[in-house]
Amino acid sequence: MNILITGGAGMLGHLLVSHFKTRHKVLYTTHLDAISIAGAEQLSWDLTRELKPLSGINAVIHTAAMTNVDQCQQYPEQAHQSNVMATRKVAASAPGAHFIYISTDFVFDGARGNYSEDDTPWPLSVYGRTKLQGESEIPKDGCIIRTSIYGLGSSPQRPGMVEKLISRLKNGETVQGFTDQIFTPVSTGNLALFIEEILERRLAGISNLGSTQPYTKYEFIRSAAQAFGFDPEVIKPGLSASVNYLAPRPRDVSLDTGKSRKTFKTEAWDIEKSFDSIRKEWEARQQ
Ligand SMILES: NC(=O)c1ccc[n+]([C@@H]2O[C@H](COP(=O)([O-])OP(=O)(O)OC[C@H]3O[C@@H](n4cnc5c(N)ncnc54)[C@H](OP(=O)(O)O)[C@@H]3O)[C@@H](O)[C@H]2O)c1
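The notes below deal with the structure included here. (Residues numbered from 1 in each chain as written. Predicted model: local features only at pLDDT ≥ 70, side-chain atom pairs only at ≥ 80, totals over all residues.)

Brief notes about the overall build of the chain
Scanning the chain from terminus to terminus reveals nine helices and 13 strands. For 287 residues, the compact-globule estimate of 2.2 N^0.38 gives 19 Å, and the C-alpha radius of gyration of the chain, at 18 Å, lies within 12% of that figure. Reported as C-alpha extents along the three principal axes, the dimensions of the chain are approximately 55 × 45 × 40 Å. Burial status across the chain gives 45% buried among its 287 residues. In the chain, of all internal contacts separated by at least 6 residues, the share reaching a separation of at least 24 is 77%. (Helix = DSSP H or I, 4+ residues; strand = E, 2+ residues; numbered from the N terminus. Rg over C-alpha atoms; globule rule 2.2 N^0.38 Å. Buried ≥ 20, exposed ≤ 12 C-beta atoms within 10 Å, placed from the backbone. Contact = placed C-beta atoms within 7 Å.)

Right, here's the structure in full:
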């Protein structure tokens, strides 16, 4: 298959390029960071500009987005261009390709939690709103993944949440985990397997992909600390109100993954397996 992956320097995009390049011809886009990945072809594209049509693309995995929630709130027009118009342009650049769009659990207001694919989205922030609008820009036979993801960053210059946590814990800093934010995150490695199945079966429509049970951010960060050999007691419970966010944050964006559990052969990893795999990848990078 010829696969176009946007956001090749991002947390998810980078992992997907590495995952798919061994069995497929992968073309990936970069923007500010021209990261080079052996065995795949790079396109330096600002997705908010005019894009040249590509021929022979079988599938697109559109991970690129303006993902900083507070920056989206501050620069709503830029968020609209990056999350809505760019999705339209990417879809137009690869006509006929199976389109996979990475959406977010932030399309929900978080008042209730346990949202199914049929629940009506009600985003609280510009980020959530523009990602939801992006969902409408994909072809009718495309696939929308609603999720929350975690994994390693694409390079030491672009650390992910896990590396940032390890470095803070190594420095002996106190780390707070919010007890009033609930989600159902999936690791990038596990998500890659789900996307592989979506491609193989050319699945369409909305799929909630995430952990089989919800976690508070506090529980999640404690598990991460433990997986990397730190005493989980160093993580202190806190409330999100202690941080002065520009954009409102939803309280409980846990997703009901019941439909996906029936649809997919791929299984959701538990949090221990996910962190184990992330730790192994992290250790390999240290050598
Ligand atoms: N991380 C999460 O917790 C999470 C949760 C739910 C959903 N998602 C969704 O999952 C996807 C991947 O997230 P991620 O955390 O891997 O994102 P990320 O690390 O922030 O990467 C996003 C990528 O998009 C690229 N990009 C942004 N604007 C662009 C533009 N105008 N033209 C070309 N490329 C552009 C960035 O390139 P430059 O940096 O070079 O501009 C970057 O490589 C996103 O669509 C996000 O909305 C993420």
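Section: the nonpolar core
Ranked by size, the top nonpolar core spans 73 residues in total, and within it Ile5, Leu16, Val60, Ile61, Ile100 and Ala224 carry the most contacts. Look past the residues within four positions of isoleucine 5 in its chain and what remains in contact with it is Gly13, Leu16, Val17, Val26, Tyr28, Ile61 and Thr63. (Core = buried A, V, L, I, M, F, W, Y, C linked by C-beta atoms within 7 Å.)

Examining the environment of asparagine 2
Structurally, the position occupied by asparagine 2 is in strand 1 (residues 2–6). In this structure asparagine 2 comes out as partly exposed when scored by C-beta crowding, with 17 C-beta atoms within 10 Å. Taking the C-alpha atoms as reference, asparagine 2 lies 42 Å from lysine 170; in sequence the two are 168 residues apart. Not counting residues up to four positions away in its chain, the partners in contact with asparagine 2 are Lys25, Gly56, Ile57 and Asn58.

A few points about the packing of helix 1 (residues 11–20) against helix 6 (residues 188–201)
Direction vectors running N to C along helix 1 and helix 6 enclose 55°, while the axes themselves pass 10 Å from each other. On the basis of the axis angle, helix 1 is oblique to helix 6. Between helix 1 and helix 6 lies a crossing whose hand is right-handed. Taken together, the residues of helix 6 that come into contact with helix 1 (itself represented by Met11, Leu12, Leu15, Leu16 and His19) are Thr188, Gly189, Leu191, Ala192 and Ile195. (Axes fitted to C-alpha atoms, helices over the stretch in contact; angles between N-to-C directions. Parallel < 35°, antiparallel > 145°, perpendicular 65-115°, else oblique. Left-handed = near helix turned anticlockwise from the far one by under 90°.)

Re the sheet that holds strand 2 (residues 25–30)
Two strands in a sheet stick together by hydrogen bonds in their backbones, pointing the same way (parallel) or opposite ways (antiparallel). Strands sit in the order 3-2-1-4-5-6-11 across an open sheet of seven strands; the sheet is parallel. Of all the strands in the sheet, just strand 3 (41–44) and strand 11 (205–209) have a single pairing partner and so form its edges. When strand polarity is set aside, the average angle formed by the axes of neighbouring strands in this sheet is 20°. Alignment of strand 1 against strand 4 (residues 59–62), held across four bridges, turns out to be parallel. Looking at strand 4, one finds that isoleucine 3 is bridged to alanine 59. Packing of helix 3 (residues 76–93) onto the sheet brings it into contact with strand 1, strand 4 and strand 5 (98–102), and relative to strand 4 it is tilted by some 165°. (Pairing = 2+ DSSP bridges.)

Concerning the site of the ligand
Near the ligand, the surroundings consist of 27 residues, among which Gly7, Gly10, His31, Ala64 and Ala65 are the closest. When contributions to the shell around the ligand are tallied by element, the ones reaching two or more residues are helix 1 and helix 3. For the shell around the ligand, a count of residues per class yields 12 nonpolar, 12 polar and three charged. (Near = placed C-beta within 6 Å. Nonpolar A, V, L, I, M, F, W, Y, C, P; charged D, E, K, R; others polar.)

A word on the packing of helix 5 (residues 161–170) against helix 7 (residues 217–227)
Here helix 5 crosses helix 7 at 70°, and the two axes come no closer than 10 Å. Judged by the angle between their axes, helix 5 and helix 7 are roughly perpendicular. Two packed elements cross with a definite hand, and for helix 5 against helix 7 that hand is right-handed. Contact residues: helix 5 offers Val162, Leu165 and Leu169, while helix 7 offers Ile221, Ala224 and Ala225. Within the contact of helix 5 with helix 7, the residues separate by chemical class into six nonpolar, no polar and no charged.

Concerning the environment of arginine 201
Mapped onto the elements of the fold, arginine 201 is located in helix 6. A residue is classified by how many C-beta atoms lie within 10 Å of it, and arginine 201, with 12 of them, is exposed. C-alpha of arginine 201 to C-alpha of phenylalanine 264: the two residues are 63 residues apart in sequence and 9.8 Å apart in space.

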